[in-house]
Amino acid sequence: EPEVTQTPSHQVTQMGQEVILRCVPISNHLYFYWYRQILGQKVEFLVSFYNNEISEKSEIFDDQFSVERPDGSNFTLKIRSTKLEDSAMYFCASMDMTSGSTQYFGPGTRLTVL
Amino acid sequence: AQSVTQLDSHVSVSEGTPVLLRCNYSSSYSPSLFWYVQHPNKGLQLLLKYTSAATLVKGINGFEAEFKKSETSFHLTKPSAHMSDAAEYFCVVIASGGYNKLIFGAGTRLAVHP
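Basis of the calculations
Residues numbered from 1 in each chain as written. Chains lettered and ligands numbered in written order. Predicted model: local features only at pLDDT ≥ 70, side-chain atom pairs only at ≥ 80, totals over all residues. Heavy atoms only, no water. Helix = DSSP H or I, 4+ residues; strand = E, 2+ residues; numbered from the N terminus. Rg over C-alpha atoms; globule rule 2.2 N^0.38 Å. Buried < 20%, exposed > 50% of the residue type's maximum accessible area, 1.4 Å probe, protein only. Areas by Shrake-Rupley, 256 points an atom, 1.4 Å probe, with all protein chains shown as cover. Lys, Arg positive; Asp, Glu negative; His and termini not counted. Charge placed at Lys NZ, Arg CZ, Asp CG, Glu CD. Pairing = 2+ DSSP bridges. Axes fitted to C-alpha atoms, helices over the stretch in contact; angles between N-to-C directions.

Peer 1: Kindly report on the overall build of chain B, identifying the contributing residues and their values.
Peer 2: Scanning chain B from N- to C-terminus turns up zero helices and twelve strands. N-terminal to C-terminal, the α/β element order of chain B is β-β-β-β-β-β-β-β-β-β-β-β. Computed over C-alpha atoms, the radius of gyration of chain B comes to 14 Å, within 12% of the 13 Å expected from 2.2 N^0.38 for 114 residues, which places it in the range of a compact globule. In terms of overall dimensions, chain B has a C-alpha envelope of 45 × 30 × 20 Å along the principal axes. Here chain B holds 114 residues, and 44% of them are scored as buried. In the structure as shown, chain B presents an accessible area of about 5300 Å², 52% of it carried by carbon and sulfur atoms. Here chain B contributes 9 positive and 7 negative side-chain charges, whose respective centroids are spaced 8 Å apart.

Peer 1: I'd love a proper account of the sheet that holds strand β8 (residues 75-79) of chain A, names of residues and values included.
Peer 2: Residues and elements named next belong to chain A. Across the sheet, which stays open at both edges, the four strands sit in the order β1-β3-β8-β7 with antiparallel pairing between neighbours. Pairing within the sheet leaves two strands with one partner each, and these edge strands are β1 (5-7) and β7 (65-68). Strand after strand, the sheet turns through a mean of 20° between neighbouring axes, direction not considered. In this structure, β1 lies alongside strand β3 (residues 19-24), joined through three bridges in antiparallel fashion. Looking across to β3, one finds that Gln6 is bridged to Cys23.

See the structure below:
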């Protein structure tokens, strides 16, 4: 069964460093999302992406964040200059509208900023 | 604006007894609602979804949920808990706006005791 994959599973970085989190969505899906879950808090929406552009973003998704679909398979989230408060689990999701608005999630990347 | 409230942060049951995880929603229109499960160190897995068809929705692993508009509820149930059901469960609603942003509840941690 097709699934969303994410790499790396864990990422440790120093404050101020750039990180790129990678996702491979399900191959025929056209809508892509990033969510994050700070330890002990709710899963929260970051950004949605469709037709090679951001369709919606949250207040969290400021100028330090960017997303890209560099080729036909990968979907990346870049944090330019990480802060301590960026430490969280980051989930990628993808969706095909024919599946009734169901988003399929990857296993997540745990980002730790020191 | 759409929102979901999970009424219990922790639920503890004995193996073989029924499970009830409560969720209330707030929506200005007929919502699409989901339950996702997150096992330790795993991603978010879809259990079931309601999208205005039958009000009683059956999902995987013996779970089901009933959409009750009069009570604005979407409680998750299972007749007989199994040890493998121990996980965190999220009630989720799709936000309005057309891009299918998901809004998560705070989660309910289910513990199952022998």
